[in-house]
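# Geometric and topological summary
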Amino acid sequence: MTVQVILKGFGEVIKEVTFRIRRYDPEKDTVPKYMEYKVPVKKGMTVLDGILYIKEHIDPSLSARYSCRMGICGSCAMIINGRERLACQTQILELNKDLIKVDPLGNYNLIKDLVPDLSKLFNNHKSVKPYIIRNDNPPTAEYLQKPEEREKYAMFTECILCGACLSACPTMAADDLYLGPQALAQAYRYIADSRDMGFEERLNVLDSKHGVWRCHFAGACSEVCPKGVDPALAIQLLRGVLMKNSFLGYKQVPAPVGKERPTVVEGLKVLEEKIKESEKK
Amino acid sequence: MRESKIMFLQYLTGLLILIFGGLHFLALSFLTPSPDKQLYVYQSATNHTLVGGALYYNYVLEIYKNLAWAAVFELFLTVVTFHAFNGFRIILSEQFSSPSAGKVISYSMLIIGLIVFIWGTRTILLAFLG
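Residues numbered from 1 in each chain as written. Chains lettered and ligands numbered in written order. Predicted model: local features only at pLDDT ≥ 70, side-chain atom pairs only at ≥ 80, totals over all residues.

### Concerning the overall build of chain B
Applicable threshold: Helix and strand assignments follow DSSP, with helices taken as H or I runs no shorter than four residues and strands as E runs no shorter than two, numbered in order from the N terminus. Burial is judged by counting other C-beta atoms within 10 Å of a residue's own C-beta: 20 or more means buried, 12 or fewer means exposed, and anything between counts as partly exposed, with every C-beta placed from the backbone. We call two residues in contact if the C-beta atoms placed from their backbones are at most 7 Å apart.
When helices and strands are counted, chain B shows four helices and two strands. Ordered by position from the N terminus, the helices and strands of chain B form the series α-β-β-α-α-α. The buried share among the 130 residues of chain B stands at 12%. Expressed as a percentage of contacts within chain B between residues at least 6 apart in sequence, the contacts between residues at least 24 apart total 64%.

### Quick look at the sheet that holds strand 3 (residues 77-80) of chain A
Either a parallel or an antiparallel arrangement is found when strands of a sheet pair, and the pairing is made through backbone hydrogen bonds. All names here are of chain A. Operational definition: Any two strands are treated as partners once DSSP identifies two or more bridges connecting them. Angular values range over 0 to 180 degrees, each being the angle between N-to-C directions of two axes fitted as lines to C-alpha atoms, with helices fitted over their stretch in contact.
Spatial strand order, 2-1-5-3-4: five strands in an open sheet with mixed pairing. In this open sheet, the two edge strands, each paired with only one partner strand, are strand 2 (33-42) and strand 4 (83-86). The mean angle between the axes of side-by-side strands here comes to 35 degrees, regardless of whether they run parallel or antiparallel. Pairing of strand 3 with strand 5 (residues 99-103), which is carried by two bridges, proceeds in the antiparallel orientation. Of the residues in strand 5, the one forming a bridge with isoleucine 79 is aspartate 103. Sheet strands touched by helix 1 (residues 47-58): strand 1 (13-23), strand 2, strand 3 and strand 5. Its angle to strand 2, the strand with the most contacts, is close to 105 degrees.

### Topic: the nonpolar core
Our working definition: Any nonpolar core is a set of buried residues, restricted to Ala, Val, Leu, Ile, Met, Phe, Trp, Tyr and Cys, that join up through C-beta atoms within 7 Å. Domains are outlined according to an automatic or database domain assignment.
A:Met78, A:Ala87, A:Leu184, A:Ala187, A:Tyr188 and A:Leu238 are the most contacted members of the largest nonpolar core, which totals 64 residues. Of all the elements, helix 7 (residues 181-191) of chain A adds the most residues to this core, at seven residues. Per-domain counts for this core show at least three residues from each of domain 1 (13-117) and domain 2 (119-247) of chain A. With near-sequence residues (within four places) excluded, A:Leu238 lies in contact with A:Leu184, A:Ala187, A:Tyr188, A:Leu206 and A:Val212. Residues B:Phe20, B:Trp69, B:Phe76 and B:Val79 belong to the second largest nonpolar core, which totals six residues.

### Side note on the pairing of strand 3 of chain A
Residue and element names in this part refer to chain A. What you see with strand 3 is no split at all: Ala77 and Ile79 on one side and Met78 and Ile80 on the other are buried throughout. Relative to strand 4, strand 3 is paired through four bridges, and the arrangement is antiparallel. Among the inter-strand pairings, methionine 78 is bridged to a residue of strand 4, identified as arginine 85. Taken together, strand 3 and the strand that follows it, strand 4, pair antiparallel across an intervening segment of two residues, in which asparagine 81 is found at a positive phi of about 50 degrees.

### Overview of the interface of chain A and chain B
Test applied: Gly is put with the polar residues, along with every residue not named as nonpolar or charged; the nonpolar set is Ala, Val, Leu, Ile, Met, Phe, Trp, Tyr, Cys and Pro, and the charged set is Asp, Glu, Lys and Arg.
Between chain A and chain B, the contact holds 15 residues from the first and eleven residues from the second. Every element with two or more residues in the side of chain A that touches chain B is listed here: helix 6 (170-174) and helix 10 (231-247) of chain A. Here the element with the most residues in the side of chain A that touches chain B is helix 10 of chain A; it accounts for three residues. Considering only residue class, the side of chain A that touches chain B consists of five nonpolar, five polar and five charged.

### Things to note about the pairing of strand 6 (residues 109-112) of chain A
Residue and element names in this part refer to chain A. In this sheet, strand 7 (residues 115-117) lies alongside strand 6 in antiparallel orientation, the contact comprising three bridges. Across the sheet, asparagine 109 pairs through a bridge with aspartate 117, a residue of strand 7. Linking strand 6 to strand 7, which pair antiparallel, is a turn of two residues; within it aspartate 113 sits at a positive phi near 40 degrees.

### Examining the environment of A:Glu94
Residue and element names in this part refer to chain A. Looking at the secondary structure, you find glutamate 94 in helix 2 (residues 92-95). By the C-beta count within 10 Å, which is 9 here, glutamate 94 ends up exposed. A sequence separation of 109 residues divides glutamate 94 from leucine 203, and the C-alpha atoms of the two residues are 44 Å apart.

Here it is in structure tokens:
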């Protein structure tokens, strides 16, 4: 016997919404302009669905960046009705407006239409060395960590690098060299990780003229983060660590290494060989 | 000097401005001698008016002749100068964020701050020495 589930309202056009989208083609335009499109909205339709509808049915020249469509990859962050959001997670009907204004993320250079150049985000992220740094020999097993030690930084692991926080940050708008909330939150994430020993290596970047002290604590980054990360909190905690380091010294205690595991040792050998091969090439 | 140490001084001087600024206000408003100073005239339990208390230049200078007060004003000048010019440095380095501009801003704020500090110290000393 087949059971047919009917989802009431799905598939029916509920209303027509106007999308006012900022368009900019560096090859043709000198300044950005707004264009309006009428989109029939069905239940469950997201802003990204609306943009794709426009692309498929009205104007194929419209550019937007997206990938997973489920709020994981962070590619489709844009400013929707004045606030940074993931287009794939924003239901059109929940906005409860007949006009939806879509802008690309702010504080970035623009590639085209709704596609910002996120190099600044990735470069700043890279500059804080967002990985576990250890001074000891290559590991022969996992580094051991208690659940309560993980709790110290757990929230900050949720970052998906969508770049919404940098777009909302007022300091970022003024100071081109500012590290930004994303990089600072990730720096704290690794410094607070009991397995990490890389505090000293990150210090010069963080405790600099354009580092952690330039945050004005507007809190806009935390307000707009689609994953509920609180970068403003990380920045305050990081300031505490740096202040402690300046006057009392801050020492990281390395997490212990677990029982030796052949798979880890062999895995490392394979990895080393691959690195050597790639270096030869 | 690391930025964290500079910022610690920035927060500390912010706090000290409240304290020394309060003492400055206290000195000028309540402790400066004045021939016609009479803070309140009580006409009734609910109706009283503020009269007198005008500041006279020569009487204001009198308070500077006290070594303790002169020291308070000098400390006030020190913390205000540091806080203000470090604040300007921060604002300007955000607005003009190239590395070369950073150096120009830092040194020019240091020089202007020193000039202001020396000029202020000279004023306090002249008043102290009469």
